[in-house]
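Residue-level structural notes
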Amino acid sequence: MSTGCFADQPAVVVGAAAGIGKATATLLAHRGARVACLDRDVDGARRLAASLGDQGSKAVAVEMDVTDDASVAEALASAERDLGPISVLVNCAGITGATNRLSEDVDVDDFDLVYRVNLRGAFLLSRAVLPRMVAHGYGRVLHVASIAGKEGNAGMVAYSATKAGLIGMVKAQGKEYAGTGVTVNALAPAVIRTAMVDAMPEAQVRYMTDRIPMKRTGTLAEAAELICWVVSPACSFTTGFTFDMSGGRAVY
Ligand code: NAD
């Protein structure tokens, strides 16, 4: 299948085994991309790649842990061997770390892990793919940040800080690579109903949803649609920007 605006483009989705990454990898494949599904949950990534293959798309699964420099390098090289030079990178790998905890009660190891996944991992991915994309004169990078990075969620200091860092990283990289044919953007969702959200205490989800002007959570389809537009050839004059996806700008 090679129809749609991603016809035969090699696209890498990190964190593809679940949630927003899975929905995005699926939509990219349905729109013609050849998709590498990367995740530390390699079984989940394999299940998705097999299902996309059954639907007529070209998809491969590769194990990757974004906290591990060698794993990032090997997985990207493997994706390129299978699909060719990467045109699109969507990074959805993320963890919340401890929730409902004052900063003084946050374990430093927990903070470090959230940093390594959410910010350092994103940096490793951008750092690796940007020069490859520049060499081909075209590329689209999107990292999933969070509204927590714009507003700061009380009780989620590591998550808020790393997502704010991601927004800053994307601003810097957008400027650094402007004019090369490569764009770097982010998405800042409020609450999208996924396993990550289901794992939070219900009271916290209700608290967050109540503060969304539309009074509902976002859907995976809505997230995947916006991401796919931002990483499409059509989105060509916007870089370094964080797209809001919050039902009317939630402030927690
Ligand atoms: P999810 O937990 O459903 O999926 C995250 C995926 O990332 C999983 O498949 C997981 O295995 C993978 N992952 C985690 N750590 C990894 C690592 N070290 N290396 C490789 N893969 C790893 O989460 P989701 O809700 O789909 O969230 C996706 C992104 O969107 C995250 O960055 C999250 O912070 C962000 N986000 C989500 C929401 C929401 O409401 N769901 C809101 C704002 C931001």
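Here's a quick rundown of the structure. These figures come from a predicted structure and were not determined experimentally. (Residues numbered from 1 in each chain as written. Predicted model: local features only at pLDDT ≥ 70, side-chain atom pairs only at ≥ 80, totals over all residues. Heavy atoms only, no water.)

Digging into the pairing of strand E2 (residues 34-39)
In regular strands, side chains alternate between the two faces of the sheet. So the rule is basically this: Between buried and exposed lies partly exposed: a residue is buried under 20% and exposed over 50% of the maximum accessible area for its type, with that area taken using a 1.4 Å probe on protein chains only. By definition, any uninterrupted DSSP run of H or I lasting at least four residues is a helix, any uninterrupted run of E lasting at least two residues is a strand, and each is numbered from the N terminus. A pair of strands is labelled paired if DSSP reports no fewer than 2 bridges between them. Clockwise travel from the first strand over the helix to the second, with the strands pointing away from the viewer, marks a crossover as right-handed.
Counting buried residues in E2 gives five out of six residues, a clear majority hidden from the surface. As paired strands, strand E1 (residues 10-14) and E2 are joined by five bridges and run parallel to one another. Looking at E2, one finds that Ala 11 is bridged to Val 35. Taking the sense of rotation as the criterion, the β-α-β connection linking E1, helix H1 (residues 19-30) and E2 turns out right-handed. Alignment of E2 against strand E3 (residues 59-63), held across five bridges, turns out to be parallel. Its bridge partner lying in E3, Ala 36 is registered against Val 60.

Details of the environment of Asn 185
Here is the rule: Pairs of residues are marked as contacts when any of their non-hydrogen atoms sit within 4.5 Å.
By secondary structure assignment, the location of Asn 185 is in strand E6 (residues 182-189). According to the relative accessible area criterion, Asn 185 is buried, its value standing at 0%. Sequence-wise, Asn 185 and Val 144 are 41 residues apart; in three dimensions their C-alpha atoms are separated by 8.8 Å. Contacts of Asn 185, omitting those with residues within four sequence positions, involve Val 141, Leu 142, His 143, Val 170, Val 230, Thr 238, Thr 239, Gly 240, Phe 241 and Phe 243.

A closer look at the pattern of salt bridges
To be explicit about the condition: We define a salt bridge as a side-chain nitrogen of Lys or Arg found within 4 Å of a carboxyl oxygen belonging to Asp or Glu.
Throughout the structure, instances matching the rule amount to eight salt bridges. Here Asp 244 ties to Lys 150 by a salt bridge, and the two come within 3.7 Å at their closest N and O atoms. Of this pair, Asp 244 sits in strand E7 (residues 242-245) while Lys 150 sits in helix H5 (residues 147-151), and the two are 94 residues apart along the sequence. Two residues, Arg 216 and Glu 222, come together in a salt bridge whose shortest N-O distance is 2.8 Å. Within this structure, Arg 193, Asp 198 and Glu 202 form a network of salt bridges that share partners.

Considerations on the site of the ligand
Selection criterion: When at least one non-hydrogen atom of a residue lies within 4 Å of a molecule or strand, that residue is treated as near it. Polar contact criterion, stated in full: a pair of N or O atoms within 3.5 Å, where within protein one must be able to donate a hydrogen and the other to accept it, and residues adjacent in sequence count only if both atoms are side-chain atoms. Method for areas: the Shrake-Rupley scheme with a 1.4 Å probe, in which residue coverage is limited to the protein chains shown. Residue classes follow a fixed rule: Ala, Val, Leu, Ile, Met, Phe, Trp, Tyr, Cys and Pro count as nonpolar, while Asp, Glu, Lys and Arg count as charged, and any other residue, Gly among them, counts as polar.
Lining the immediate environment of the ligand, one finds 27 residues, of which Asp 39, Tyr 159, Ala 190, Ile 192 and Thr 194 sit closest. For the ligand, a nitrogen atom lies 2.9 Å from a polar atom in the side chain of Asp 65. Burial of the ligand by the surrounding chains reaches 94%, relative to a free accessible area of 820 Å². Within the residue set of the shell around the ligand, elements represented by two or more residues are H1, helix H6 (157-176) and helix H7 (195-198). Across the shell around the ligand, the residue classes tally to 17 nonpolar, six polar and four charged.

What to know about the packing of helix H3 (residues 69-83) against helix H4 (residues 108-136)
Angle between the axes and distance between the axes: these two values describe a pair of packed helices. Put simply, the rule reads: Angular values range over 0 to 180 degrees, each being the angle between N-to-C directions of two axes fitted as lines to C-alpha atoms, with helices fitted over their stretch in contact. Oblique is the label for any angle not under 35 degrees, not over 145, and not in the 65 to 115 range, which are roughly parallel, roughly antiparallel and roughly perpendicular in turn. Two helices crossing with the near one rotated counterclockwise from the far one by less than a right angle form a left-handed crossing, whereas a clockwise rotation gives a right-handed crossing.
For the pair H3 and H4, the least separation of the axes is 10 Å and the interaxial angle reads 40 degrees. In terms of their interaxial angle, H3 and H4 are classed as oblique. For H3 against H4, the interelement crossing comes out right-handed. Within the contact between the two elements, H3 uses Asp 69, Val 72, Leu 76, Ala 77 and Glu 80 and H4 uses Arg 120, Leu 124, Leu 125, Ala 128, Val 129 and Arg 132.

Structural notes on the sheet that holds strand E5 (residues 139-144)
Across the sheet, which stays open at both edges, the seven strands sit in the order E3-E2-E1-E4-E5-E6-E7 with parallel pairing between neighbours. Taken across any chain shown, the strands that pair with only one partner, and hence form the sheet edges, are E3 and E7. Taken over all neighbouring pairs, the strand axes of this sheet differ in orientation by 15 degrees on average, direction set aside. Against the sheet, helix H9 (residues 220-230) contacts strand E4 (88-91), E5, E6 and E7, and its axis sits at roughly 160 degrees relative to E7.

Considering the nonpolar core
The cut-off we apply is this: In this text, buried Ala, Val, Leu, Ile, Met, Phe, Trp, Tyr and Cys residues form a nonpolar core when linked through side-chain atoms within 4.5 Å.
Ranked by size, the top nonpolar core spans 36 residues in total, and within it Val 12, Val 14, Leu 38, Met 64, Leu 76, Leu 89 and Leu 125 carry the most contacts. Only E1, E2, E3, H3, H4, H6 and E6 provide two or more residues apiece to this core. Considering each element in turn, this core owes the most residues, nine residues, to H4. If we ignore the near neighbours within four places in the chain, the residues touching Val 14 are Leu 38, Met 64, Val 66, Leu 89, Val 90, Asn 91, Cys 92, Ala 93 and Leu 125. In terms of nonpolar packing, the next biggest core, distinct from the first, is built from 34 residues, Ala 23, Leu 27, Ala 29 and Ala 45 among them.

Comments concerning H9
To keep things clear, this is the line we draw: An arc is given here, and it is the one of the directions from the helix axis to the C-beta atoms.
Listed in full, the buried residues belonging to H9 are Ala 223, Ala 224, Ile 227, Cys 228 and Val 230. All buried residues of H9 fall inside an arc of 160 degrees around its axis, so they share one side.

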